[in-house]
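Close look at the chain arrangement
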Amino acid sequence: MSENNLRLIKYYESPGYNPYLNLAMEEKLMETYESGTLVFYLWQNKDTVVIGKNQCASDECNLSLMNEDNIKLARRSSGGGSVYHDMGNLNFTFITGAEYFDNKKQLDVVIEALNSFGIECYFSGRNDLYIDGFKISGQAFLKKRGKVLHHGTLLFDVNIEDLGKYLKTDSEKLKTHGVQSHIQRVKNIKDFNSNLSIEKIKKALKKSIIKTYDLPLVECDLPRADESKYSSEEWLYRINIDGLRLKRRFNYGLIDINLELKNNIIVSLVINSDVMDTSIIDEIKEQLINRAFDASLIDSFRLSNERIASDLRVLIGENLCMT
């Protein structure tokens, strides 16, 4: 990490609430990132369920109810699970070079901002921020070509009832993490300080990032971005293969592998997952496609993450016994 080489914070704020344009803007800011800078982007989406890159929309969301209530579906480029956004939620994004990336320091920006209002916020769990035992923020990450994007939510005054209505509950996930429901484990920041507003939090975040990094902050105009990728049905929806399904929730996330076999060769596959590291999902696909689904697959199955590789070798072996 060459943190001392950072010279500037570039601040962007979205004026609109279109989730497809806001997500496209993140991608554009990452593509046009200049070395030596730290990009800080604040944005809001109106009435949207946002799922992770590798999640299956029909498994994660109540799509029919969302359609009735005019709730948009969006898919981001990072991993992790599904979240609900309304105008009571503020999203933040950090973009920087891999050599400057510091997850703790970036979260300190958020924690310091909330602490300035007398709120004791802290980091806990997989990638979450809490106040008094309640989750008020979740984060996800994307690494691409030497750049890192880190984004997250801040639940300021979200309709918690809607959050529970549009997101499906995964019973295995709740069992694994020992929680009762989406609703019972989250709370709004406003519940801890009724005098706050989203505008006050934005100002506090800008002040906090300048203090934390001891760098000048320059407010920048947003570049043009094309939302067509993020609003396309091809990007938003994925259809599971009607074939062999290898599915299990591990403590690092769900892995749900759908395989199409012809003459016992894996000819196509779809992987649904809320695992944070999207690159590991790509590795799994590379290890499986065009391979024979037999014992030789277990012997040769290799990933950069040996823990996940070991778990999947077991899962493959269990399903070999059933085919």
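Residues numbered from 1 in each chain as written. Predicted model: local features only at pLDDT ≥ 70, side-chain atom pairs only at ≥ 80, totals over all residues. Heavy atoms only, no water.

1. Topic: the environment of Gly-52
Inspection of the secondary structure puts Gly-52 in the loop between β3 (48-51) and α2 (57-60). The exposure class assigned to Gly-52 is buried, which follows from its relative accessible area of 0%. Linking Gly-52 and Val-218, residues 166 residues apart in sequence, is a C-alpha distance of 31 Å. What Gly-52 contacts, discounting residues up to four positions off in sequence, is Arg-75, Arg-76, Ser-78, Gly-79, Gly-80 and Gly-81. (Helix = DSSP H or I, 4+ residues; strand = E, 2+ residues; numbered from the N terminus. Buried < 20%, exposed > 50% of the residue type's maximum accessible area, 1.4 Å probe, protein only. Contact = heavy atoms within 4.5 Å.)

2. Some thoughts on the pairing of β3
Walk down a regular strand and you will see the side chains alternate between the two sheet faces. Judged by which residues are buried, β3 turns out to be covered on both faces: Thr-48 and Val-50 on one side and Val-49 and Ile-51 on the other are all buried. Sheet topology note: the β3/strand β5 (residues 83-85) ladder contains three bridges and is antiparallel. From the neighbouring strand, Thr-48 faces β5, where its bridge partner is His-85. (Pairing = 2+ DSSP bridges.)

3. Some words on the packing of helix α4 (residues 103-115) against helix α7 (residues 198-213)
One can describe the packing of α4 onto α7 by two numbers: an axis separation of 8 Å at closest approach and a directional angle of 130°. Regarding the angle of α4 to α7, the classification is oblique. Handedness of the crossing formed by α4 with α7: right-handed. Contacts from Lys-105, Gln-106, Asp-108, Val-109, Val-110, Glu-112 and Ala-113 in α4 reach Ala-204, Leu-205, Ser-208, Ile-209, Lys-211, Thr-212 and Tyr-213 in α7. Class assignment for the residues of the contact of α4 with α7 results in seven nonpolar, three polar and four charged. (Axes fitted to C-alpha atoms, helices over the stretch in contact; angles between N-to-C directions. Parallel < 35°, antiparallel > 145°, perpendicular 65-115°, else oblique. Left-handed = near helix turned anticlockwise from the far one by under 90°. Nonpolar A, V, L, I, M, F, W, Y, C, P; charged D, E, K, R; others polar.)

4. Description of the nonpolar core
A general tendency of soluble globular proteins is for nonpolar side chains to be buried together. One finds Phe-40, Val-49, Leu-154, Ile-189 and Leu-205 to be the most contacted residues of the largest nonpolar core, which totals 66 residues. Once you skip the residues sitting within four places of it in the chain, Val-49 turns out to touch Cys-61, Met-66, Ile-71, Lys-72, Leu-73, Ala-74, Val-83, Tyr-84, Tyr-166 and Leu-167. Among the nonpolar cores identified, the runner-up in size contains 25 residues, and Ile-255, Ile-280, Ile-308 and Leu-315 belong to it. (Core = buried A, V, L, I, M, F, W, Y, C linked by side-chain atoms within 4.5 Å.)

5. Some thoughts on the sheet that holds strand β10 (residues 147-155)
Strand order across the open sheet formed by eight strands is β7-β8-β9-β10-β6-β2-β1-β11, with mixed pairing between neighbours. This sheet does not close on itself; its edge strands, each paired only once, are β7 (121-124) and β11 (217-219). Strand-to-strand twist across the sheet, computed as the mean angle between neighbouring axes with direction ignored, equals 20°. Sheet topology places strand β8 (residues 128-131) next to strand β9 (residues 134-144); four bridges connect them, and they run antiparallel. For Leu-129, the partnering residue across the bridge sits in β9 and is Ser-137.

6. Concerning the packing of aromatic side chains
Scanning the entire structure with this criterion turns up nine aromatic pairs. With a centroid separation of 5.9 Å and an interplanar angle of 15°, the aromatic rings of Tyr-41 and Trp-43 are classed as stacked. Tyr-41 sits in the buried class, given a relative accessible area of 0%. On the accessibility criterion, Trp-43 (4% relative accessible area) is buried. Note on Phe-92 and Phe-94: the rings are 5.9 Å apart at their centroids and 70° apart in plane angle, and the pair reads as edge-to-face. With relative accessibility at 0%, the residue Phe-92 sits in the buried group. Given a relative accessible area of 1%, Phe-94 falls into the buried group. Aromatic ring contacts, followed pair by pair, group Tyr-11, Phe-40, Phe-92 and Phe-94 into a single cluster. Directly above the ring of Tyr-11 sits Lys-206, whose terminal nitrogen or CZ lies 4.7 Å from the centroid. A cation over an aromatic ring shows up here: Lys-229 above the ring of Trp-235, its NZ or CZ 4.6 Å from the ring centre. (Phe/Tyr/Trp six-rings, centres within 6.5 Å; stacked < 30°, edge-to-face > 60°. Lys NZ or Arg CZ within 6 Å of the ring centre and 35° of its normal.)

7. With respect to the pattern of salt bridges
Here the structure, examined in full by the defined rule, presents 16 salt bridges. In this structure, the salt-bridge partner of Lys-104 is Asp-108, at a minimum N-O distance of 3.1 Å. With Lys-104 and Asp-108 both in helix α4 and four residues apart, this pair spans about one turn of that helix. Given a relative accessible area of 27%, Asp-108 falls into the partly exposed group. One salt bridge connects Asp-157 with Lys-190, and the closest N-O pair in it is separated by 3.8 Å. A residue pair is termed long-range when its members are at least 10 positions apart, and Asp-157 in the loop between β10 and α5 (160-166) and Lys-190 in the loop between α6 (171-177) and α7 qualify at 33 residues. A relative accessible area of 31% places Lys-190 in the partly exposed class. (Salt bridge = Lys/Arg side-chain N within 4 Å of Asp/Glu carboxyl O.)

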